[in-house]
Amino acid sequence: LGKFDFIFGSDVAYRDYLHEPLIASLLQLSHENTISIIGVTMIDTKPKFFTSLWEAGFRYDRLPDHLMSHEFRGTTFGLFVIQRRSR
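All figures in this text were calculated on a predicted structure; none of them were measured in a lab.

Trainee: What am I meant to see in the environment of Ile7 here?
Mentor: Relative to the helices and strands, Ile7 resides in strand E1 (residues 4-10). A relative accessible area of 16% means that Ile7 is categorised as buried. Separated by 29 residues in the primary sequence, Ile7 and Ser36 place their C-alpha atoms 4.4 Å from one another. Beyond its immediate stretch of four places on either side in the chain, Ile7 contacts Leu26, Leu29, Ser30, Thr34, Ile35, Ser36 and Ile37.

Trainee: Explain the sheet that holds strand E3 (residues 58-62) here, please?
Mentor: Through backbone hydrogen bonds, the strands of a sheet pair up, either in parallel or in antiparallel fashion. As summarised here, the arrangement of the four strands in space is E1-E2-E4-E3, forming an open sheet in which the pairing is mixed. Sheet topology places E1 and E3 at the edges, where each strand pairs with a single neighbour. Adjacent strand axes in the sheet meet at a mean angle of 20 degrees, parallel and antiparallel pairs treated alike. Pairing geometry for strand E2 (residues 30-41) and strand E4 (residues 77-84), over six bridges, is antiparallel. Residue pairing across strands places Val40 opposite Gly78, the latter belonging to E4. Against the sheet, helix H1 (residues 16-29) touches E1, E2, E3 and E4, its axis set at about 150 degrees to E2. Across the sheet, helix H2 (residues 47-55) touches E2, E3 and E4, and the angle it forms with E3 is around 140 degrees.

How each quantity is defined
- Residues numbered from 1 in each chain as written.
- Predicted model: local features only at pLDDT ≥ 70, side-chain atom pairs only at ≥ 80, totals over all residues.
- Heavy atoms only, no water.
- Helix = DSSP H or I, 4+ residues; strand = E, 2+ residues; numbered from the N terminus.
- Buried < 20%, exposed > 50% of the residue type's maximum accessible area, 1.4 Å probe, protein only.
- Contact = heavy atoms within 4.5 Å.
- Pairing = 2+ DSSP bridges.
- Axes fitted to C-alpha atoms, helices over the stretch in contact; angles between N-to-C directions.

This is how it looks when you write it as structure tokens:
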């Protein structure tokens, strides 16, 4: 497979054993300008996932609630923009 400019996923990091293959896929399928948007429920997705992302060379930011549909605002669901960190 090639590299992609955009990668989208939802509910893909809710189990700890999914973190390593997800991050490996992001590394394989992304380039330095890829934007990945991942939706996660903060109850199910542990902070360890975000630590692993950082350790793998990614940065991430949570999108503000006002950018999401009304039914998701103020909930435990969050959208994160993930990109490779500059080296």
